[in-house]
Amino acid sequence: MSAADSQPAPVAPSAFPLVDPARWLLEVVSVASLTPGVTRVRAHLLTANGTPGPFAYAPGQDLTVSLPAPSGSTVSRRYTVDGYDVASGVVELAVVAHGDGPGARWLAAGTAGRRVEAVGPRGKITLAAGVSTHLFVGDEASFAAVRAIAAAVPAGGRALVLADVAGSHEHRAITVGDDVALDLRWVHRGDAPAESPARVLDALDELDLPVADTHAYVFGEAHVVAAAARALVAHRLDASRISAKPYWRAGRPNADRGEPDREL
Ligand SMILES: Cc1cc2nc3c(=O)[nH]c(=O)nc-3n(C[C@H](O)[C@H](O)[C@H](O)COP(=O)(O)OP(=O)(O)OC[C@H]3O[C@@H](n4cnc5c(N)ncnc54)[C@H](O)[C@@H]3O)c2cc1C
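Residues numbered from 1 in each chain as written. Predicted model: local features only at pLDDT ≥ 70, side-chain atom pairs only at ≥ 80, totals over all residues. Heavy atoms only, no water.

K.L.:
Whenever I open this one, the pattern of salt bridges confuses me. Can you help?
P.N.:
Where charged atoms from two side chains of opposite charge approach closely, those side chains can pair. A full pass over the atoms with the stated rule returns 15 salt bridges. Between E259 and R78 there is a salt bridge, with its nearest N and O atoms 2.4 Å apart. Of this pair, E259 sits in the segment after β12 (242-248) while R78 sits in strand β4 (residues 74-80), and the two are 181 residues apart along the sequence. Given a relative accessible area of 13%, E259 falls into the buried group. (Salt bridge = Lys/Arg side-chain N within 4 Å of Asp/Glu carboxyl O. Helix = DSSP H or I, 4+ residues; strand = E, 2+ residues; numbered from the N terminus. Buried < 20%, exposed > 50% of the residue type's maximum accessible area, 1.4 Å probe, protein only.)

Below you can see the structure in the form of structure tokens.
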């Protein structure tokens, strides 16, 4: 277990109430390329009797979809809500198309009209209250969460984003509210392994963080998340001001419940 994971961090106050999760049917409307590495899935979010929504969620929360595994059993994979249109009941996901796992196979077979079961909203990390600087560290798989929480930063605040992506072909827009300062810094990994944290740690070293007024959200590959969270503690950011969540782990599938193995 990493130093960052060894103690449960005290939880900072959240700016949004968390809604109890419910069961849904996710009916695919379209599957299309968003960037070379990321696929946009649009799907109707239906209640058990087939009617749309209403669906409420806090920025950064996700849906857990049930997908078939080769063994014939069902496994969970979690995808952050990248948008939801109340009028049409259509939810948007941004999914990294990689490998041959249950999530990748769902994308590859993503015919319109296909239905899978989902539970949501899930996840406890949303906009933290009580600070004006919100620091995000994320990759392609967690960009939806970064976008959603950054968009919720209130007027007068600052969204500082370290986006660790393969290259400029993976850039996506982030929109923040009026009177919110956005400082978006791309960290290009090129051919370096995704699980090597050096480039992200270098980018963190270059920041001049007002640590008493900052909350950090750290998402992405498990080794990078653990190393970045440790580095932020070393930069004197209080553990209660770091929301760290591994999304996936290089070289190893996520567990059946949808989480990567945290033992590094
Ligand atoms: C709270 C939460 C929210 C999440 N939100 C999103 C989201 O919005 N979008 C999204 O794409 N994913 C998201 N994920 C990750 C997602 O749930 C799956 O882990 C991911 O899609 C891979 O699932 P899979 O079944 O295709 O591959 P798995 O069966 O988990 O893994 C198969 C292989 O693919 C590799 N792999 C998995 N993910 C990646 C990757 N991103 N890049 C390179 N290699 C990879 C693994 O190392 C493994 O070798 C989230 C995870 C969590 C915990």
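K.L.:
Which parts of the structure should I look at to understand the site of the ligand?
P.N.:
Near the ligand, the surroundings consist of 24 residues, among which R77, R78, V96, R249 and N254 are the closest. Here G251 contributes a backbone N or O atom positioned 3.0 Å from an oxygen atom of the ligand. Breaking the shell around the ligand down by element, the ones donating at least two residues are β4, β6 (90-96), α2 (102-108) and β12. Looking at the shell around the ligand residue by residue, the classes come out as 12 nonpolar, six polar and six charged. A domain-level breakdown of the shell around the ligand finds at least three residues from each of domain 1 (3-15 + 125-248) and domain 2 (22-122). (Near = heavy atom within 4 Å. Polar contact = N/O pair within 3.5 Å; in protein donor to acceptor, adjacent residues only side chain to side chain. Nonpolar A, V, L, I, M, F, W, Y, C, P; charged D, E, K, R; others polar. Domains from an automatic or database assignment.)

K.L.:
Teacher, can you tell me more about the sheet that holds β12 here?
P.N.:
On the basis of which strands lie adjacent, the open sheet formed by five strands has the order β10-β9-β8-β11-β12 and parallel pairing. A single partner strand is all that each edge strand has here, and the edge strands are β10 (181-188) and β12. Averaged over all neighbouring strand pairs, the angle between strand axes comes to 10 degrees, with direction disregarded. Where strand β9 (residues 158-165) meets β10, eight bridges bridge the pair, whose relative direction is parallel. Bridge pairing links A163 to W186 in β10. The strands that helix α3 (residues 143-151) touches are β8 (133-139), β9, β10, β11 (214-221) and β12; relative to β8, the one it contacts most, it runs at about 165 degrees. (Pairing = 2+ DSSP bridges. Axes fitted to C-alpha atoms, helices over the stretch in contact; angles between N-to-C directions. Contact = heavy atoms within 4.5 Å.)

K.L.:
When you look at the environment of S30 in this model, what are you seeing that I'm missing?
P.N.:
As for its placement among the helices and strands, S30 is situated in strand β1 (residues 22-33). Classification of S30 by relative accessible area gives partly exposed; the value is 25%. Sequence separation between S30 and R40 is 10 residues; the distance between their C-alpha atoms is 7.9 Å. Every residue in contact with S30, bar those within four places of it in the chain, is listed here: R40, V41 and R42.

K.L.:
I'm lost on empty space enclosed by the protein in this one. Help?
P.N.:
Unfilled space is identified by rolling a water-sized probe across the atoms. In total, this model carries three cavities of 30 Å³ or more according to the counting rule given. Quantified by volume, the largest cavity comes out at close to 60 Å³. Every element with two or more residues in the lining of the largest cavity is listed here: β8, β11 and α5 (222-234). Split by residue class, the lining of the largest cavity holds seven nonpolar, two polar and four charged. (1 Å grid on protein atoms, 1.4 Å probe; cavity = no way out; pocket = protein on both sides within 12 Å on 5 of 7 lines; lining within 4 Å. Points joined across faces, edges and corners; volume = space filled by probe spheres on them.)

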